[in-house]
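For reference, the chains in residue letters:
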Amino acid sequence: MHTIGKIVFNFRMEEEEKARRFYGKWDSFFSQSVEKVTVRVLERLSFPAGNLQVDGLK
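A brief structural summary. (Residues numbered from 1 in each chain as written. Predicted model: local features only at pLDDT ≥ 70, side-chain atom pairs only at ≥ 80, totals over all residues. Heavy atoms only, no water.)

On to the overall build of the protein, then. Looking only at helices and strands, one finds two helices and zero strands in the protein. Relative to its full complement of 58 residues, the protein shows a buried share of 5%. (Helix = DSSP H or I, 4+ residues; strand = E, 2+ residues; numbered from the N terminus. Buried < 20%, exposed > 50% of the residue type's maximum accessible area, 1.4 Å probe, protein only.)

In structure tokens form, the structure reads like this:
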């Protein structure tokens with residue numbers, strides 16, 4: 001079983017209204033797009049017990 005201890009996102013938005021819309025949809029976006037994809041990727045990886053740190057994705 002994999003445990004995700006911490007995920008950090010750094011977003012910058014110049015338009016407050018765009019930031020509000022993004023924030024309003026964050027919970028469903030996170031569970032559908034981030035959490036499910038992360039779990040599927042981790043299930044396919046084989047790494048020794050410990051921490052896996054990913055510095056960035058493109």
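Next comes the rest of the write-up.
This model, assessed by the stated rule, comprises one salt bridge. For Arg20, the salt bridge identified is with Glu16, shortest N-O distance 2.5 Å. Highlighted residues: Arg20 and Glu16, both in helix H1 (residues 16-24), separated by four residues, approximately one helical turn. (Salt bridge = Lys/Arg side-chain N within 4 Å of Asp/Glu carboxyl O.)

Here we come to helix H2 (residues 26-44). Over its 19 residues, H2 extends 26 Å from the first C-alpha to the last, a length consistent with the 27 Å expected when each residue adds 1.5 Å. By the largest-angle criterion, Glu35 marks the main kink of H2, which is about 25°. Buried residues along H2 sit against H1. (Expected span 1.5 Å × (residues − 1). Bend = angle between axes of the 7 residues up to and from the residue. Contact = heavy atoms within 4.5 Å.)

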